[in-house]
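This is what each chain is made of:
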Amino acid sequence: MKEFPKVSLGIFPTPIQKLHNISRILGADIYIKRDDMTGIALGGNKVRKLEYLLADAKEKGAEIVFTTGGAQSNHAMLTAASARKLGMEPILILKKRGVTEKKGNQLLNSLMGVDVRFMDTGDYADIYAEMDRVGEASGKPYYKIPCGGSNALGTLGYVECAREIRDQGMHFDHIICAEGSGGTMAGMALGAKLFLPGTRVTGMMVDTDPFDEITPALMREAAALLGADVEITQEDFALRDMCGPGYAIASEEGNAAVSMMAREEGIFLDPVYTGKAFAGLIAMAKEGAFKPGETVLFLHTGGAGGLFAIDMND
Ligand SMILES: *Cc1c(COP(=O)(O)O)cnc(C)c1O
């Protein structure tokens, strides 16, 4: 398979730990992979994608790096921190949606002195057009990273994560992660197909996009980049709707999962992604989806920045 250049931004491999108390409560063998500890800013899954995306930006001589998301985007904040570290200037053009005051990720952006602009639009196409307008006006070479870093190149970050799990020498029957823009889940599912035989990957959907189409499409594009000769089918991944009242709106189940992880294990999830994803794992355990003797790995994708801004309604 083809290897792609990447820059070093984080600290890898991230640890895998057993959740002893939660395993006892749920009656299943549950482990956590600490991608909330990826080693730049407050950590999170976007760092693995950015190692590939920003290597591409560097190679293409970019001086400005654009990305987008909602006001509390973990991805945008991590892109800003990572671009700065590599000597490129980040400009975030965000949807005017969510908490726009200097809280959570916006506080972090402001501490980094990042150029943040809000656009009152529901359509990312408007934002990508604005990036081109601003980029061309600057006269400098620029690079655009899509929402969540979820294109084929970004997806490679989680193919690599699957290989990392294999190299950590443990087998898991199930891997469970949040699915927001799709790259993490698609990379993990493709990576499992390539490196983790016998592991079933379930994506917990925290938004309402058509992930049954997005997931296999990204898997195919990433496989094509790698030159991997695999056929992707609906059998290669599982999805579960955990969005609740809406994207970035806290759900009761999600909040209960955030509390459980905090009280039992001293680990903090977030209400937008990881809390809802872990609520999906709890539901699967209660439904008997994990057979006796099976092991389950929960991918902690981060989200600490948002925890201090998103209203949990309690
Ligand atoms: C972006 C994000 C996700 C979702 O990952 P995608 O690759 O966008 O599907 C999950 N958890 C956190 C904390 C995130 O910031």
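Details of the structure are given in the entry above.
Report follows, based on the coordinates. (Residues numbered from 1 in each chain as written. Predicted model: local features only at pLDDT ≥ 70, side-chain atom pairs only at ≥ 80, totals over all residues. Heavy atoms only, no water.)

1. Brief notes about the site of the ligand
So the rule is basically this: Only heavy atoms are used to decide nearness, and a residue is near a molecule or strand if one of them lies within 4 Å of it. Within 3.5 Å is the distance limit for a polar contact, defined as a pair of N or O atoms, with the added protein rule that one can donate a hydrogen and the other accept it, and that residues adjacent in sequence qualify only through two side-chain atoms. Shrake-Rupley sampling with a 1.4 Å probe provides the accessible areas, and residues are treated as covered by the protein chains on show and by no other component. In DSSP terms, a helix is any run of H or I states spanning at least four residues, a strand is any run of E spanning at least two, and both are numbered starting from the N terminus. Classes in brief: Ala, Val, Leu, Ile, Met, Phe, Trp, Tyr, Cys and Pro nonpolar; Asp, Glu, Lys and Arg charged; the others, Gly included, polar.
As a structural note, the neighbourhood of the ligand is formed by 16 residues, with Lys46, Lys49, Ser181, Thr184 and Thr301 the closest of them. Note that an oxygen atom of the ligand is positioned 3.4 Å from one of the backbone N or O atoms of Gly183. Thr301 is positioned with one of its side-chain polar atoms (N or O) 2.7 Å from a nitrogen atom of the ligand. In the complex, 98% of the free accessible area of the ligand, which totals 380 Å², lies under the protein chains. For the shell around the ligand, the secondary-structure elements that each account for two or more residues are α2 (46-59), β7 (174-179) and α7 (183-195). A per-class count over the shell around the ligand returns 2 nonpolar, 11 polar and 3 charged.

2. Describing the packing of α2 against helix α3 (residues 74-85)
As a reminder of what qualifies: Note on definitions: angles span 0 to 180 degrees between N-to-C directions of axes, and those axes are lines fitted to C-alpha atoms, for helices only across the stretch in contact. By definition in this entry, angles of less than 35 degrees are roughly parallel, angles greater than 145 are roughly antiparallel, angles of 65 to 115 are roughly perpendicular, and the rest are oblique. Crossing handedness: left-handed means the near helix sits turned counterclockwise from the far one by under a right angle, and right-handed means the same turn made clockwise. Residue contacts are defined here by distance: any two heavy atoms, one from each residue, within 4.5 Å place the two residues in contact.
The contact between α2 and α3 brings their axes to 10 Å, and the two run at 50°. As the angle between them shows, α2 and α3 are arranged oblique. Crossing hand, α2 versus α3: right-handed. Residues Lys46, Val47, Leu50 and Leu54 of α2 form the contact with α3, whose own contacting residues are His75, Leu78, Thr79, Ser82 and Ala83.

3. Details of the pattern of salt bridges
Applied cut-off: By convention in these notes, a salt bridge is any Lys or Arg side-chain nitrogen within 4 Å of a carboxyl oxygen on Asp or Glu.
Scanning the entire structure with this criterion turns up 18 salt bridges. When the shortest N-O distance is used, the salt bridge between Glu101 and Lys103 registers 3.9 Å. Salt bridges linked by common partners bring Glu3, Lys6, Glu51, Glu160 and Arg163 together as one network.

4. Comments concerning the pairing of strand β8 (residues 200-205)
A regular strand places its side chains on the two faces of the sheet in alternate fashion. What counts, and what does not: For every residue, the accessible area (1.4 Å probe, protein chains only) is compared with the maximum for its type, and the residue is labelled buried under 20%, exposed over 50%, or partly exposed between those bounds. Strand pairing is assigned whenever DSSP identifies at least 2 bridges connecting the two strands. Assignment of crossover handedness uses the view with strands pointing away from the viewer, where a clockwise path from the first strand over the helix to the second indicates a right-handed crossover.
Counting buried residues along β8, 5 of its 6 residues qualify, which places the element largely inside the surrounding structure. Pairing geometry for β7 and β8, over 6 bridges, is parallel. Bridged to Ala178 within β8 is Met204. Between the parallel pair β7 and β8, the chain is carried across by α7, and the sense of this crossover is right-handed.

5. A look at unusual backbone geometry
Residue Pro13 is reached from Phe12 by a cis peptide bond, and omega for that bond is 0°. Checked against the element boundaries, Pro13 lands in the segment before β1 (16-18). The phi torsion at Ala248 lies on the positive side, around 65°, for a residue other than glycine. Within the element layout of this structure, Ala248 appears in the loop between β9 (238-241) and α9 (252-265).

6. Details of the environment of Arg97
Summarising the element assignment, Arg97 is placed in the loop between β4 (89-95) and α4 (104-111). Arg97 sits 22 residues away from Met119 along the chain, and the two C-alpha atoms are 9.0 Å apart. Once residues lying within four places of it in the same chain are set aside, the contact partners of Arg97 are Gly70, Ala71, Tyr124 and Tyr247.

7. Digging into the pairing of β4
Counting buried positions over the 7 residues of β4 gives 6, a clear majority of the element. Sheet analysis places strand β3 (residues 64-67) next to β4, joined by 4 bridges and oriented parallel. Looking at β4, one finds that Val65 is bridged to Pro90. As a crossover connection, the stretch from β3 through α3 into β4 is right-handed. Inspection of the sheet shows β4 paired to strand β5 (residues 115-119) by 5 bridges, in the parallel sense. Looking across to β5, one finds that Ile93 is bridged to Arg117. At this point the chain moves from β4, through α4, to the parallel β5, and the crossover so formed is right-handed.

8. Thoughts on the sheet that holds β7
Neighbouring strands of a sheet are bound in pairs by backbone hydrogen bonds; such pairs are parallel or else antiparallel. An order of β1-β2-β10-β7-β8-β9 is seen for the 6 strands of this open sheet, with the pairing classed as mixed. Each end of this open sheet is capped by a strand with a single partner; those strands are β1 and β9. This sheet shows a mean twist of 25° between the axes of neighbouring strands, independent of strand direction. The pairing of strand β2 (residues 29-34) with strand β10 (residues 295-300) spans 6 bridges and is parallel. Looking at the pairing, Lys33 lines up with Leu299 of β10.

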